[in-house]
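Architecture at a glance
Chain by chain, the residues:
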Amino acid sequence: MKKIFCAIVGIITLAGEVSLGAYDLNTPELVPVKLQTPEAHAPVKLIENGKQNFAIVYDTKAEARMAKKNRTKKSIGPAVAAIADAIEKCTGQKPVVADVKDAAKYTCLIVVGDNGITRGNGVDVSKLPPQGFAVRSFERGIIIAGNDSSLIEGYNMKPLEGRGSSLGTLYGAYDFNERFLGVRYYYPGEYGTLAPKIENLTISPVHYEDAPYFDQRNGWFYCMNCTINNPAGKKFWEPYLGKITKKDLKFLESWRMGGTIPRGCTHCPRPERIAKAYPDELKTIFYTSPKGKFWYNPKAHIGNYFNVIDLKFADLLIGSYKKFYESNGKVDEGGYRSQGCSQTYVSFGVCDTLMPDSEVMNDPTVRKLGLMTEKDLARGDTAGMANIYARFHQYLAKRIAEELPGKKLYIMAYYNVKYAGTDPRWTLPPNTEVDLCIGGLPAKTRDPKRMKAAVRLAKEWYESLGNRPVQKLWLYTGANPFVNAVCGEFVGDIPKRMGKYLGRQEMFYDHCISRPGENVWFHYTSSYCAYRSMWNPDWDAAKAVDLHWEPFYGKETGAALREFHQMLRECYRKYALNSEGPGILYPMAEIRKMETLLAQAKKSVKPGSVEEKRLKVFLAPWGKAFAAMKNQLSYERPVYQVHQLLDSETVTLDGTGSEPFWSQVKAMPLIDPRGSGIAPKYPASVKLAWNKSGIYGLLETSYAPAADKSKDFWANDTWEMIFSPGMKRETEFQFVFDPLKNQFLGTKRHLPIPQPFDSNWKAPGFKVESKFDSEKWTAEFFIPFSVFPDTKVPRPYDTWHCNIVRNKMGENREYSGSAMSLGNNHNLAMFGIIKFAGKGE
């Protein structure tokens, strides 16, 4: 049908004011829709002087008839409930809800879902795209109906079909609530929905359709499971959001989060599952480096690395996959069902472990086949193994085509797999799809240099796939509140800039959080923009955010918050967009102006009002954020004097620290490395001493450490000591240990040419003694100077860079360190300085 490009408006009378064009279908607050030629009819008065003249009607048995004939979420029933709830909030009255067979009893109608009236007025939901919907008026009211999998016989009924639900009618219902009633859904709970009071609602002729750009718009785990859908998260969030109900657990449907195409690709297989299934094949499954390091960690996910150099591992996987599919998922040796394996996709992805290139480059197979060249290494930090993986993926995909015909290999391009193979020997077969995980997006989307590099990555995968696009993009918010608050507004830019190199299957938004997920709802405008932009990248997210402040917070408060947010956006553009490294700094004058604006907002809001409760949510992260940035601006590199032992002072390394001289040594101050300025709740003591042999340390805590032999090393409390001899920051050396004296050692050269981190480095003579009980942990260590290559024994008053970090695990976790490293323990630019004192000092 011919599209109408002019605005179609109706009349809504809000309590206390009249607004013409209040539901302008082209409002920038909402995603654009495809306007169609409407049916000519007289305006329909649904609400008149506060009186409802309509009933909501639907086929009450439509979804019930299919209840045992498909596996999918319902859409029509929830759509009716969503519209009824919004109307009640806006009018103070519950609307009449009836079966469509009783429609003749009512003057005006809101018709929901597929039924005789819907079809009789030209809306054929079967012709709408998956998740799509139509909104169409007629002489008696308005129809809201969509493509609903709940009406499709056999949908998702095959074993391992793995499809998501098509909720077209439900998405249409939320669109109706927003576009016609002025409702806005910003976050769950009592305060996050804006529902203006309505006295009159007249519908002028209207017809439009809509459907998502990306089939899968995903991030549910972070937005729900990491926030309100667990006891600890609910306890954290209810003081901010108000009472959390079961209805709130489906809140993200109002943001249209979801999708129908089976989701493929994640960390698959699960290392612990595949190891348990094949205990005699561990050397086949996990990699052993030429230096003898076996990359298998039975205690955790991190620390495992699959043996992708040996194609026998691929053969093993094929056998395991076949058991899974032949048993319809009952034999699940790799956790395949939960990791994206379906009748459509076979998932394969690395563990959360980054392999140094140095571990692989001298492997005999790698050298024989020329799988890692200088050209490969020059492409980027994690590009060295690109052709190693290309060879493995090619082989695995071909075996899948032979043994599991009709299925595609879905690979996770992450860590060492981020770069596509460029060797023409290893191009990927047609039954391969890619999930590309690019760090820095969406935050760096508008940085030309970073975006050019991202597009180049996607282009290389496009070429490796035989000129087919990457189908899924994994995005990351990062952890900085000044970035989190705005970066979601840039998501819509990504498909435009990626062009043909990015398909339309999925965007996944990783909020980079653990419970309780503060950066999801405190920065709700950013999260809201991200998912709405996945539905329609052409939506002007920034304009929509700017328009929401005053309706949501009141005129004066909203004006202050709008100016504050515009400052955030502009400061990010000026000072952070093109920055490198983990930290960003804004001028103090800008910070003070931002603080002033938030103070104005707080002063202007009406005490006890819902706007005040909403303001509490918005203000929550900014006190800490401003304090952290101020601390960073005023940060002075700490200098710690290392006591030089007298000839009469000796250390017996027994983990007690009983030597008298330790009581005279000044402790090294520990701070929050992220710069919050908040003193540690669980203080710890670090003392250092030295002589010509090496460095001694006494480390003490006044609480019981987490120390569990059955858990991974990093799940226990640890101390980390990182030294960079001299002042040039050429090389760093890392020493880590836990209360059980388990150790991790590593080194990395930064200058003159950066080298990969070497976790195989040995430190002969490094000693640790540790004693702990239910009240304390005391440890002593000794590091001989001989372990630092090309380093002379310090002379008195020589200086080194140093960072000492304490990681408290268990229930009450805490992180402290000697330097403001901004959360990156290896951030040498922020390290403190240790000065080797003269004798007796």
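None of the values given here were measured: they were computed from a predicted structure. (Residues numbered from 1 in each chain as written. Predicted model: local features only at pLDDT ≥ 70, side-chain atom pairs only at ≥ 80, totals over all residues. Heavy atoms only, no water.)

1. Side note on the pairing of strand β8 (residues 108–112)
Burial analysis of β8 places five of its five residues in the buried class, which makes it a mostly covered element. Going residue by residue along β8, you find Cys108, Ile110 and Val112 tucked away on one face and Leu109 and Val111 tucked away on the opposite face as well. Relative to β8, strand β6 (residues 54–58) runs parallel, the two sharing four bridges. Of the residues in β8, the one forming a bridge with alanine 55 is leucine 109. Of the pairings in the sheet, the one linking β8 to strand β10 (residues 141–146) comprises four bridges and is parallel in character. Looking at β10, one finds that valine 111 is bridged to isoleucine 143. (Buried < 20%, exposed > 50% of the residue type's maximum accessible area, 1.4 Å probe, protein only. Helix = DSSP H or I, 4+ residues; strand = E, 2+ residues; numbered from the N terminus. Pairing = 2+ DSSP bridges.)

2. Topic: helix α20 (residues 588–604)
If you check α20, its first and last C-alpha atoms are 24 Å apart, about what 17 residues at 1.5 Å a residue would give, namely 24 Å. Of the residues making up α20, those classed as buried are Glu590, Ile591, Met594, Leu597, Leu598 and Ala601. Taken end-on, α20 shows its buried residues confined to a sector of 125°, consistent with a single buried face. Those residues of α20 that are exposed and angled more than 90 degrees off the buried face are Ala589, Arg592 and Lys603. (Expected span 1.5 Å × (residues − 1). Arc of directions from axis to C-beta.)

3. Remarks on the pairing of strand β27 (residues 767–772)
Alignment of β27 against strand β28 (residues 777–784), held across six bridges, turns out to be antiparallel. Residue pairing in the sheet places glutamate 769 in a bridge with glutamate 780 of β28. Hairpin remark: β27 followed by β28, antiparallel, with four residues in the connecting loop.

4. Some remarks on the sheet that holds strand β19 (residues 470–476)
Strand order in the open sheet formed by six strands is β15-β20-β19-β18-β17-β16, and the pairing between neighbours is parallel. Taken across any chain shown, the strands that pair with only one partner, and hence form the sheet edges, are β15 (216–218) and β16 (345–348). The mean angle between the axes of side-by-side strands here comes to 20°, regardless of whether they run parallel or antiparallel. Each of β15 and β20 (502–510) touches helix α17 (residues 524–535); the most contacted strand, β20, lies at about 165° to it. (Axes fitted to C-alpha atoms, helices over the stretch in contact; angles between N-to-C directions. Contact = heavy atoms within 4.5 Å.)

5. A closer look at the packing of aromatic side chains
The geometry of an aromatic ring pair is captured by the separation of the ring centres together with the interplanar angle, meaning the angle of the planes. A full pass over the atoms with the stated rule returns 78 aromatic pairs. With 4.3 Å between their ring centres and 10° between their planes, tyrosine 414 and tyrosine 415 make a pair best called stacked. Of the residues examined, tyrosine 415 reaches a relative accessible area of 30% and is grouped as partly exposed. Between tryptophan 690 and phenylalanine 836, the aromatic rings sit 5.2 Å apart at their centres with planes inclined by 75°, giving edge-to-face as the arrangement. Here tryptophan 690 is found in strand β22 (residues 684–691), whereas its partner phenylalanine 836 is found in strand β31 (residues 832–839), with 146 residues between them in sequence. The two residues tryptophan 690 and phenylalanine 836 agree in class, both being buried. (Phe/Tyr/Trp six-rings, centres within 6.5 Å; stacked < 30°, edge-to-face > 60°.)

6. Comments concerning the side chain of aspartate 717
Structurally, aspartate 717 can be placed in the loop between β23 (694–701) and β24 (718–724). With near-sequence residues (within four places) excluded, aspartate 717 lies in contact with Tyr703, Pro705, Ala706, Phe737, Asp738, Pro739, Trp777, Asn807, Lys808 and Met809.

7. Concerning the pattern of salt bridges
Inspection of the entire model under this criterion finds 44 salt bridges. The partner of lysine 472 in a salt bridge is aspartate 435, and the shortest N-O contact between them spans 3.4 Å. With lysine 472 in strand β19 and aspartate 435 in strand β18 (residues 432–442), the pair connects residues that are 37 residues apart, well separated along the chain. On the accessibility criterion, lysine 472 (0% relative accessible area) is buried. A salt bridge links arginine 806 to glutamate 814; the nearest nitrogen and oxygen atoms lie 2.8 Å apart. Owing to a relative accessible area of 1%, arginine 806 belongs among the buried residues under this scheme. Judged by relative accessible area, glutamate 814 falls into the buried class, the value being 14%. Put simply, Asp175, Glu178, Arg179, Asp210, Arg256 and Arg532 are held in one network by salt bridges that share partners. (Salt bridge = Lys/Arg side-chain N within 4 Å of Asp/Glu carboxyl O.)

These figures come from the coordinates and say nothing about function on their own.
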